[in-house]
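These are the residues of each chain, in order.
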Amino acid sequence: MTHMRPLIAGNWKMNGTGAALDEAKALAAALKAEPAAARVALCPPATLIERLARAVEGSAVEVGGQECHAEASGAFTGDVSAAMLADAGAGLVILGHSERRALHGETDADVAAKVEAALAAGLEPVICVGETLQQREAGEAVAVVQAQVAGSLPKSLNGKDFAVAYEPVWAIGTGLTPTVEQIEEVHRAVRAAMVARLGEAGRAAPILYGGSVKPSNAAEILKTPEVGGALVGGASLKAGDFLGIIRAA
Ligand code: 13P
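For clarity, every value in this text was computed on a predicted model and none was experimentally measured.

**Considerations on the layout of surface pockets**
Argument step 1. Volume-wise, the largest pocket comes out at about 520 Å³.
Argument step 2. Lining the largest pocket are 23 residues, and of these Pro-45, Ala-46, Gln-66, Glu-67 and Arg-100 sit closest to its centre.
Argument step 3. Elements with a contribution of two residues or more to the lining of the largest pocket: α2 (46-55) and α4 (98-103).
Argument step 4. Of the residues assigned to the lining of the largest pocket, the class counts are ten nonpolar, eight polar and five charged.

**Thoughts on helix α9 (residues 215-222)**
Residue pairs three or four apart in sequence face the same way in an α-helix, which turns once every 3.6 residues.
Argument step 1. Within α9, burial applies to Asn-217, Ala-218, Ile-221 and Leu-222. Down the axis of α9, the buried set is contained in an arc of 125 degrees. They therefore lie on one face.
Argument step 2. Looking at the buried side of α9, the elements it contacts are β1 (7-11), α8 (180-198), β7 (207-210), β8 (229-232) and α10 (239-246).

**Focus on the pairing of strand β2 (residues 39-43)**
Argument step 1. In terms of burial, β2 is a largely internal element, five of the five residues being buried.
Argument step 2. Strand direction decides the pairing type here: β1 and β2, joined by five bridges, are parallel. Its bridge partner being in β2, Ile-8 is matched across the sheet by Val-40.
Argument step 3. Considered for its hand, the β-α-β crossover made up of β1, helix α1 (residues 21-33) and β2 is right-handed.
Argument step 4. Of the pairings in the sheet, the one linking β2 to strand β3 (residues 61-65) comprises three bridges and is parallel in character. Opposite Val-40, over in β3, you have Val-61 as the bridge partner.

Criteria and cut-off values
Residues numbered from 1 in each chain as written. Predicted model: local features only at pLDDT ≥ 70, side-chain atom pairs only at ≥ 80, totals over all residues. Heavy atoms only, no water. 1 Å grid on protein atoms, 1.4 Å probe; cavity = no way out; pocket = protein on both sides within 12 Å on 5 of 7 lines; lining within 4 Å. Points joined across faces, edges and corners; volume = space filled by probe spheres on them. Helix = DSSP H or I, 4+ residues; strand = E, 2+ residues; numbered from the N terminus. Nonpolar A, V, L, I, M, F, W, Y, C, P; charged D, E, K, R; others polar. Buried < 20%, exposed > 50% of the residue type's maximum accessible area, 1.4 Å probe, protein only. Arc of directions from axis to C-beta. Contact = heavy atoms within 4.5 Å. Pairing = 2+ DSSP bridges. Right-handed = clockwise from strand over helix to strand, strands pointing away.

If you want it as C-alpha coordinates, here you go:
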(Lines give C-alpha, C1' and ligand atoms only; values in the text may rest on other atoms or scores of the structure.)
Protein backbone atom coordinates (compact mmCIF):
# COMPACT_ATOMS: atom_id res chain seq x y z
CA MET A 1 0.00 0.00 0.00
CA THR A 2 3.04 2.22 0.04
CA HIS A 3 2.14 3.57 -3.40
CA MET A 4 -1.20 4.90 -2.23
CA ARG A 5 -1.33 8.70 -1.91
CA PRO A 6 -1.64 9.44 1.80
CA LEU A 7 -4.58 11.45 3.12
CA ILE A 8 -3.98 14.05 5.82
CA ALA A 9 -7.36 15.15 7.18
CA GLY A 10 -7.99 17.80 9.80
CA ASN A 11 -10.94 17.37 12.15
CA TRP A 12 -11.77 20.75 13.64
CA LYS A 13 -14.42 19.17 15.92
CA MET A 14 -16.62 21.89 17.56
CA ASN A 15 -14.04 24.61 16.97
CA GLY A 16 -14.09 27.54 14.60
CA THR A 17 -16.27 30.45 13.53
CA GLY A 18 -15.80 32.72 10.53
CA ALA A 19 -12.47 33.99 11.85
CA ALA A 20 -10.99 30.50 11.44
CA LEU A 21 -11.36 30.74 7.67
CA ASP A 22 -8.09 32.66 7.66
CA GLU A 23 -6.31 29.45 8.68
CA ALA A 24 -7.94 27.56 5.80
CA LYS A 25 -6.94 30.31 3.38
CA ALA A 26 -3.37 30.27 4.66
CA LEU A 27 -3.25 26.51 4.21
CA ALA A 28 -4.63 26.73 0.66
CA ALA A 29 -2.08 29.42 -0.26
CA ALA A 30 0.82 27.41 1.17
CA LEU A 31 -0.22 24.32 -0.79
CA LYS A 32 -0.49 26.36 -3.98
CA ALA A 33 3.00 27.75 -3.46
CA GLU A 34 4.38 24.30 -2.68
CA PRO A 35 2.12 21.36 -3.54
CA ALA A 36 1.97 18.51 -1.03
CA ALA A 37 2.70 14.85 -1.70
CA ALA A 38 -0.41 13.97 0.31
CA ARG A 39 -4.09 14.69 -0.24
CA VAL A 40 -5.19 17.31 2.27
CA ALA A 41 -8.68 17.77 3.73
CA LEU A 42 -10.24 20.02 6.35
CA CYS A 43 -13.41 18.98 8.18
CA PRO A 44 -14.82 22.07 9.88
CA PRO A 45 -18.10 22.35 11.81
CA ALA A 46 -21.14 22.05 9.50
CA THR A 47 -21.79 25.80 9.78
CA LEU A 48 -18.44 26.54 8.11
CA ILE A 49 -18.41 23.95 5.33
CA GLU A 50 -19.85 26.14 2.62
CA ARG A 51 -17.75 29.20 3.49
CA LEU A 52 -14.61 27.14 3.88
CA ALA A 53 -15.22 25.38 0.56
CA ARG A 54 -15.48 28.79 -1.11
CA ALA A 55 -12.39 30.07 0.71
CA VAL A 56 -10.20 27.20 -0.56
CA GLU A 57 -11.79 26.87 -4.02
CA GLY A 58 -9.24 26.13 -6.70
CA SER A 59 -6.69 24.88 -4.17
CA ALA A 60 -5.68 21.34 -3.23
CA VAL A 61 -7.61 21.53 0.06
CA GLU A 62 -10.57 19.14 0.11
CA VAL A 63 -13.50 19.73 2.44
CA GLY A 64 -15.34 17.26 4.65
CA GLY A 65 -18.07 17.01 7.26
CA GLN A 66 -17.66 15.44 10.69
CA GLU A 67 -20.90 13.49 10.85
CA CYS A 68 -24.19 12.94 9.02
CA HIS A 69 -27.61 11.42 9.64
CA ALA A 70 -28.41 8.03 8.14
CA GLU A 71 -31.64 9.30 6.57
CA ALA A 72 -31.72 11.55 3.52
CA SER A 73 -34.26 13.99 5.02
CA GLY A 74 -37.06 14.18 7.51
CA ALA A 75 -38.12 15.14 11.04
CA PHE A 76 -34.69 14.99 12.70
CA THR A 77 -34.30 18.35 14.39
CA GLY A 78 -30.72 19.54 14.53
CA ASP A 79 -29.34 16.83 12.26
CA VAL A 80 -27.67 17.20 8.87
CA SER A 81 -27.92 14.73 5.99
CA ALA A 82 -25.12 13.51 3.75
CA ALA A 83 -26.71 15.21 0.75
CA MET A 84 -26.72 18.51 2.69
CA LEU A 85 -23.00 18.17 3.36
CA ALA A 86 -22.35 17.44 -0.31
CA ASP A 87 -24.54 20.39 -1.32
CA ALA A 88 -22.52 22.66 0.98
CA GLY A 89 -19.30 21.62 -0.74
CA ALA A 90 -18.07 18.59 1.20
CA GLY A 91 -16.46 15.67 -0.61
CA LEU A 92 -15.73 13.59 2.48
CA VAL A 93 -17.33 12.86 5.83
CA ILE A 94 -15.88 11.52 9.07
CA LEU A 95 -18.15 8.83 10.52
CA GLY A 96 -18.08 6.80 13.73
CA HIS A 97 -15.64 9.11 15.54
CA SER A 98 -15.10 7.90 19.10
CA GLU A 99 -16.63 11.13 20.41
CA ARG A 100 -19.83 10.31 18.48
CA ARG A 101 -19.73 6.71 19.67
CA ALA A 102 -19.14 7.69 23.33
CA LEU A 103 -21.18 10.90 23.63
CA HIS A 104 -24.03 10.12 21.22
CA GLY A 105 -24.25 6.36 21.71
CA GLU A 106 -23.50 5.52 18.08
CA THR A 107 -23.20 1.79 17.46
CA ASP A 108 -21.38 -0.02 14.65
CA ALA A 109 -24.77 -0.54 12.97
CA ASP A 110 -25.52 3.19 13.19
CA VAL A 111 -22.14 3.96 11.65
CA ALA A 112 -22.67 1.44 8.84
CA ALA A 113 -26.05 3.05 8.04
CA LYS A 114 -24.40 6.49 7.92
CA VAL A 115 -21.70 5.13 5.62
CA GLU A 116 -24.44 3.93 3.25
CA ALA A 117 -26.02 7.39 3.37
CA ALA A 118 -22.66 9.04 2.66
CA LEU A 119 -22.01 6.78 -0.33
CA ALA A 120 -25.52 7.47 -1.66
CA ALA A 121 -24.72 11.19 -1.54
CA GLY A 122 -21.39 10.69 -3.31
CA LEU A 123 -19.28 11.41 -0.22
CA GLU A 124 -16.07 9.59 0.66
CA PRO A 125 -16.48 8.22 4.19
CA VAL A 126 -13.62 8.24 6.70
CA ILE A 127 -14.70 5.56 9.16
CA CYS A 128 -13.19 5.73 12.64
CA VAL A 129 -12.37 2.85 14.97
CA GLY A 130 -10.31 2.63 18.15
CA GLU A 131 -10.09 1.08 21.57
CA THR A 132 -10.38 2.70 25.01
CA LEU A 133 -7.53 2.59 27.50
CA GLN A 134 -9.41 0.00 29.52
CA GLN A 135 -9.77 -2.23 26.45
CA ARG A 136 -6.08 -1.83 25.59
CA GLU A 137 -5.01 -2.68 29.12
CA ALA A 138 -7.22 -5.77 28.98
CA GLY A 139 -5.37 -6.89 25.82
CA GLU A 140 -8.47 -6.35 23.68
CA ALA A 141 -7.30 -3.60 21.31
CA VAL A 142 -7.02 -5.76 18.20
CA ALA A 143 -10.28 -7.63 18.85
CA VAL A 144 -12.15 -4.36 19.50
CA VAL A 145 -11.02 -2.61 16.32
CA GLN A 146 -11.55 -5.71 14.19
CA ALA A 147 -15.12 -5.99 15.50
CA GLN A 148 -15.67 -2.28 14.79
CA VAL A 149 -14.39 -2.71 11.22
CA ALA A 150 -16.61 -5.76 10.68
CA GLY A 151 -19.66 -3.93 12.02
CA SER A 152 -19.12 -0.42 10.67
CA LEU A 153 -18.08 -1.15 7.04
CA PRO A 154 -21.05 -2.06 4.83
CA LYS A 155 -20.34 -4.32 1.85
CA SER A 156 -21.45 -1.49 -0.43
CA LEU A 157 -18.02 0.11 0.15
CA ASN A 158 -16.71 -2.37 -2.40
CA GLY A 159 -15.36 -0.33 -5.31
CA LYS A 160 -15.92 3.01 -3.56
CA ASP A 161 -13.39 5.57 -2.30
CA PHE A 162 -13.18 5.49 1.48
CA ALA A 163 -10.70 5.45 4.35
CA VAL A 164 -10.56 3.90 7.79
CA ALA A 165 -9.04 5.86 10.67
CA TYR A 166 -7.54 4.11 13.68
CA GLU A 167 -7.83 6.47 16.62
CA PRO A 168 -7.06 4.96 20.03
CA VAL A 169 -9.46 6.79 22.35
CA TRP A 170 -6.75 7.25 24.99
CA ALA A 171 -4.49 9.03 22.48
CA ILE A 172 -7.07 11.64 21.41
CA GLY A 173 -6.30 15.09 22.76
CA THR A 174 -4.04 13.68 25.47
CA GLY A 175 -0.58 14.11 23.96
CA LEU A 176 -0.12 10.34 24.40
CA THR A 177 0.59 8.23 21.33
CA PRO A 178 1.05 4.50 20.89
CA THR A 179 4.50 3.25 19.92
CA VAL A 180 5.02 2.74 16.20
CA GLU A 181 5.03 -1.01 16.91
CA GLN A 182 1.58 -0.72 18.49
CA ILE A 183 0.33 1.40 15.58
CA GLU A 184 1.67 -1.12 13.05
CA GLU A 185 0.11 -4.04 14.92
CA VAL A 186 -3.34 -2.47 14.96
CA HIS A 187 -3.14 -1.17 11.39
CA ARG A 188 -2.25 -4.67 10.14
CA ALA A 189 -5.20 -6.03 12.12
CA VAL A 190 -7.50 -3.36 10.65
CA ARG A 191 -6.27 -4.25 7.15
CA ALA A 192 -6.97 -7.94 7.76
CA ALA A 193 -10.48 -7.12 8.98
CA MET A 194 -11.10 -4.88 5.93
CA VAL A 195 -10.04 -7.70 3.59
CA ALA A 196 -12.15 -10.22 5.51
CA ARG A 197 -15.13 -7.88 5.14
CA LEU A 198 -14.69 -6.59 1.57
CA GLY A 199 -12.30 -8.98 -0.16
CA GLU A 200 -9.65 -7.42 -2.40
CA ALA A 201 -11.42 -4.03 -2.16
CA GLY A 202 -10.32 -4.02 1.45
CA ARG A 203 -6.73 -3.55 0.30
CA ALA A 204 -7.40 -0.40 -1.73
CA ALA A 205 -8.37 2.09 0.99
CA PRO A 206 -5.88 3.93 3.21
CA ILE A 207 -5.82 3.43 6.97
CA LEU A 208 -5.19 6.74 8.73
CA TYR A 209 -3.75 7.05 12.21
CA GLY A 210 -5.28 9.61 14.58
CA GLY A 211 -4.58 10.68 18.14
CA SER A 212 -2.15 13.45 19.20
CA VAL A 213 -0.48 13.68 15.78
CA LYS A 214 1.71 16.80 15.66
CA PRO A 215 4.57 18.09 13.50
CA SER A 216 7.15 16.51 15.81
CA ASN A 217 5.83 12.95 15.62
CA ALA A 218 4.17 12.93 12.18
CA ALA A 219 7.14 11.70 10.11
CA GLU A 220 7.75 8.68 12.32
CA ILE A 221 4.06 7.74 12.41
CA LEU A 222 3.50 8.30 8.68
CA LYS A 223 6.35 6.02 7.64
CA THR A 224 5.00 3.13 9.70
CA PRO A 225 3.85 0.20 7.52
CA GLU A 226 0.10 0.30 6.73
CA VAL A 227 -0.23 3.93 7.87
CA GLY A 228 -1.80 5.69 4.89
CA GLY A 229 -2.23 9.14 6.40
CA ALA A 230 -3.42 10.93 9.51
CA LEU A 231 -6.61 12.24 11.06
CA VAL A 232 -5.58 15.30 13.02
CA GLY A 233 -7.56 17.15 15.68
CA GLY A 234 -5.94 19.96 17.66
CA ALA A 235 -2.93 20.37 15.38
CA SER A 236 -5.18 20.99 12.36
CA LEU A 237 -6.60 24.23 13.79
CA LYS A 238 -3.54 26.30 12.91
CA ALA A 239 -2.28 26.26 9.31
CA GLY A 240 1.36 26.26 10.43
CA ASP A 241 1.00 23.19 12.65
CA PHE A 242 -1.09 21.35 10.08
CA LEU A 243 1.42 22.13 7.33
CA GLY A 244 4.17 20.69 9.51
CA ILE A 245 2.27 17.39 9.49
CA ILE A 246 1.39 17.59 5.80
CA ARG A 247 5.03 18.19 4.85
CA ALA A 248 6.03 15.09 6.82
CA ALA A 249 3.92 12.84 4.56
P1 13P B 1 -6.11 15.13 18.44
O2 13P B 1 -5.23 15.20 17.22
O3 13P B 1 -6.47 16.48 19.00
O4 13P B 1 -5.57 14.17 19.46
O5 13P B 1 -7.53 14.53 17.93
C6 13P B 1 -7.53 13.38 17.18
C7 13P B 1 -8.90 13.17 16.64
O8 13P B 1 -9.82 12.82 17.35
C9 13P B 1 -9.11 13.44 15.21
O10 13P B 1 -10.33 12.95 14.78
